[in-house]
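Residues per chain, in single letters:
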Amino acid sequence: MKNFIKEFTKGIIRENPTFVLVLGLCPTLAVSVSVVNGIGMGIAATFVLLGSSLIVSLVRDFIPDKIRIPCYIVIIATFVTIAELCMKAYSPVLDRALGIYVPLIVVNCIVLGRAEAFACKNNFRSSFCDGLGMGVGFTLALILISAIREFLGSGRILGHTLIKGFEPVFVFGMPSGALLVIGLLLGFFNLLKNRKT
Amino acid sequence: MKEMFRYGFILALICTIAAGLLAAANALTRPKIFAQAQLEERAGLKEVMPAAAGFKAVKPEADKEILYYKAFDSQDKLIGFVFKASGKGYSSMVETLVGVFLDDKISAIKVISQNETPGLGVRITENKFTGQFSNRNSLDLSGVQVIAGATISSRAIINSVMKKAREIKELIKNEK
């Protein structure tokens, strides 16, 4: 049990996919304009991660080494398409906001990376915890980045104005602002890590 | 050689299972997606033409795309039209739904799809801009004030609405 908790929590801080592994930055940069987008993207990616990690670990003895990558991609693409269809059916507004970045989860390095680095070597219970931890870590990172960007870029969080009279800095709503925020956060997390050691 | 067939078989098996799952997911969500799209369309039409009680889509042929909508009031009298205009903005195609009365006056417009610069071009969706269109002649929108910092996005809407309004007017004239 302790082992599973460890697998779960490592994705949130020690091996956070965005700030420590630095994977899947493209969708992170693109969708982190508002907190709602960040949460939606995080949930979709978590669902895909969970599903693909679980299935990959279950069929890992059955898939020959030489064709493992195409097999993983088919499994991941299936989950992504299911997530996309569900999103279209139940939350068309979110679907439009995230646009092309939902289908692009297929090539998100976090998902394929976890299948390749973890799920194909571990049993399904550890893989499940690992996928869940990574997904939650990714979601939290997205929420952090998008909260900073939404607040600085449009003066609001989740659509609510926090400080009256705050003049928004437009650049944070644009791609350059995304790079700035992520760069500074990465530096900050590295500083914390170096302090500890 | 034997290996090759084994790999092919395994990959085919995985793909077959995946295809089956996707077919099931599609069958489950399809009616829901269709209903959502229709609901959205209805809500959009109602928003740009609040005076109308019913709408009828006009298509050149049954399986072609919808050209425009006819708007009827509660006595089934034709009171105007609703059409979709789209123009190239700064970083995306800006699509607007426009409601016009029979005398070419605009009832209201609504931006239904855009991907303009956050904080700048995105402001074309705000009421401060779109509200200016109401009660203006759809064929002459020169009086609409563009947003400072979003000139290209604003112009995209103004020009595409005027262009489409003329096209629709031509079309309706030919029909009569």
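Residues numbered from 1 in each chain as written. Chains lettered and ligands numbered in written order. Predicted model: local features only at pLDDT ≥ 70, side-chain atom pairs only at ≥ 80, totals over all residues. Heavy atoms only, no water.

A.B. asks: So what's going on with the overall build of chain A? Which residues, and what values?
C.D. replies: For chain A, the helix and strand inventory stands at 8 helices and 2 strands. Rg of the C-alpha trace for chain A: 18 Å, near the compact-globule value of 16 Å for 197 residues, within the 12% margin. Counting only C-alpha atoms, chain A reaches 60 × 45 × 30 Å along its principal axes. Split into buried and exposed, the 197 residues of chain A put 44% on the buried side. (Helix = DSSP H or I, 4+ residues; strand = E, 2+ residues; numbered from the N terminus. Rg over C-alpha atoms; globule rule 2.2 N^0.38 Å. Buried < 20%, exposed > 50% of the residue type's maximum accessible area, 1.4 Å probe, protein only.)

A.B. asks: Tell me about the overall build of chain B, and please be specific about residues and values.
C.D. replies: A tally of helices and strands in chain B yields 3 helices and 5 strands. From first element to last, N terminus to C terminus, chain B shows the α and β order α-β-β-β-β-β-α-α. In terms of overall size, chain B is more extended than a compact globule, its C-alpha atoms giving a radius of gyration of 22 Å where 176 residues would be expected to give roughly 16 Å. Going through the 176 residues of chain B one by one, you find that 36% of them count as buried. Relative to all contacts within chain B whose residues are 6 or more apart in sequence, the contacts with residues 24 or more apart total 44%. Accessible surface computed for chain B: about 10,500 Å², of which carbon and sulfur atoms make up 57%. The average position of the 25 basic charges and that of the 18 acidic charges among the side chains of chain B differ by 2 Å. (Contact = heavy atoms within 4.5 Å. Areas by Shrake-Rupley, 256 points an atom, 1.4 Å probe, with all protein chains shown as cover. Lys, Arg positive; Asp, Glu negative; His and termini not counted. Charge placed at Lys NZ, Arg CZ, Asp CG, Glu CD.)

A.B. asks: Can you break down the pattern of salt bridges residue by residue, with the values?
C.D. replies: Under the criterion given, the structure shown has 9 salt bridges over all chains. Between Arg114(A) and Asp130(A) there is a salt bridge, with the nearest N and O atoms lying 3.1 Å from each other. Of the two residues, Arg114(A) sits in helix α6 (residues 109-119) while Asp130(A) sits in helix α7 (residues 124-154), which places them 16 residues apart along the sequence. Neither residue differs from the other here; Arg114(A) and Asp130(A) are each classed as buried. Between Glu3(B) and Arg6(B) there is a salt bridge; the shortest N-O distance is 3.8 Å. In this pair, Glu3(B) and Arg6(B) are both assigned in helix α1 (residues 2-48), 3 residues apart and thus about one turn of the helix distant. (Salt bridge = Lys/Arg side-chain N within 4 Å of Asp/Glu carboxyl O.)

A.B. asks: For helix α3 (residues 151-175) of chain B, give the residues involved together with the corresponding values.
C.D. replies: Because each turn of an α-helix spans 3.6 residues, side chains separated by three or four positions in sequence point in the same direction. With 25 residues, α3(B) extends 36 Å from end C-alpha to end C-alpha; this agrees with the ideal 36 Å at 1.5 Å per step. Where α3(B) is buried, its residues meet β2 (68-72), β3 (78-88), β4 (93-101), β5 (106-113) and α2 (127-130) of chain B. (Expected span 1.5 Å × (residues − 1).)

A.B. asks: Go over the pairing of β5(B) with me, naming the residues and quoting the values.
C.D. replies: Residue and element names in this part refer to chain B. Pairing of β4 with β5, which is carried by 6 bridges, proceeds in the antiparallel orientation. Across the sheet, Val98 pairs through a bridge with Ile109, a residue of β5. Counting the residues that bridge the hairpin from β4 to β5 gives 4 residues, and of these Asp104 lies at a positive phi of roughly 75°. (Pairing = 2+ DSSP bridges.)

A.B. asks: Mind laying out a nonpolar patch on the surface, listing which residues take part and the relevant values?
C.D. replies: Side chains of Phe62(A), Phe9(B), Leu13(B), Ile17(B) and Leu21(B) sit close together on the surface and give an oily, nonpolar patch of about 490 Å² of accessible area. Tracing the sequence through the fold places Leu21(B) in helix α1. (Patch = residues over 30% accessible without salt bridge, like charges linked within 9 Å, V, L, I, M, F, W, Y side chains within 5 Å.)

A.B. asks: With reference to specific residues and values, describe the environment of Ala27(B).
C.D. replies: Here Ala27(B) is to be found in helix α1. Between the C-alpha atom of Ala27(B) and that of Arg136(B), which follows or precedes it by 109 residues, the distance is 45 Å.

A.B. asks: I'd like to hear about the state of the cysteines, residue by residue, with values.
C.D. replies: Across all of its chains, the model carries 0 disulfides over all chains by this definition. Free of any disulfide, Cys26(A) has its nearest neighbouring cysteine sulfur in Cys109(A), separated by 9.0 Å. (Disulfide = S-S within 2.5 Å.)

A.B. asks: Before we move on, could you go through the environment of Ala148(B) and cite the residues and values that matter?
C.D. replies: Residue and element names in this part refer to chain B. Within the secondary structure, Ala148 sits in the loop between α2 and α3. Taking relative accessible area as the criterion, Ala148 reaches 66% and is therefore assigned exposed. The sequence separation of Ala148 and Gly121 amounts to 27 residues, and the corresponding C-alpha distance is 9.5 Å.

A.B. asks: Run through the pairing of β3(B), naming residues and quoting values.
C.D. replies: Residue and element names in this part refer to chain B. Pairing of β2 with β3, which is carried by 4 bridges, proceeds in the antiparallel orientation. For Phe72, the partnering residue across the bridge sits in β3 and is Leu78. Linking β2 to β3, which pair antiparallel, is a turn of 5 residues; within it Asp76 sits at a positive phi near 70°. Relative to β4, β3 runs antiparallel, the two sharing 9 bridges. Bridge pairing in β4 links Lys84 to Leu97. Here β3 folds back onto β4 in antiparallel fashion, the turn holding 4 residues.

A.B. asks: Kindly report on the packing of helix α4 (residues 68-90) of chain A against α6(A), identifying the contributing residues and their values.
C.D. replies: The geometry of a pair of packed helices is captured by two quantities: the angle between their axes and the separation between those axes. Residues and elements named next belong to chain A. The contact between α4 and α6 brings their axes to 11 Å, and the two run at 130°. Here α4 is positioned oblique relative to α6, judged by the angle of their axes. Of the two elements, α4 crosses α6, and the hand of that crossing is right-handed. Counting all contacts with α4, which are made through Arg68, Ile69, Tyr72, Ile73 and Ile76, the residues of α6 involved are Val111, Leu112, Ala115 and Glu116. Grouping the constituent residues of the contact of α4 with α6 by class yields 7 nonpolar, no polar and 2 charged. (Axes fitted to C-alpha atoms, helices over the stretch in contact; angles between N-to-C directions. Parallel < 35°, antiparallel > 145°, perpendicular 65-115°, else oblique. Left-handed = near helix turned anticlockwise from the far one by under 90°. Nonpolar A, V, L, I, M, F, W, Y, C, P; charged D, E, K, R; others polar.)

A.B. asks: Explain the packing of aromatic side chains residue by residue, including any values.
C.D. replies: Summed over all chains, the structure comprises 5 aromatic pairs over all chains. Taken together, the ring pairs in this structure connect Phe19(A), Phe188(A) and Phe189(A) into an aromatic cluster. (Phe/Tyr/Trp six-rings, centres within 6.5 Å; stacked < 30°, edge-to-face > 60°.)

A.B. asks: Provide a residue-level description of α1(B), including the pertinent values.
C.D. replies: Residue and element names in this part refer to chain B. Here α1 is 47 residues long and its end C-alpha atoms lie 65 Å apart, about the 69 Å a rise of 1.5 Å per residue gives. The largest bend in α1 comes to about 40°, at Thr29, with the proline Pro31 one to four residues further on. Looking at α1, one finds that the buried residues are Tyr7, Ile10, Ile14, Ala18, Ala25, Thr29, Gln36, Gly44, Leu45 and Val48. (Bend = angle between axes of the 7 residues up to and from the residue.)

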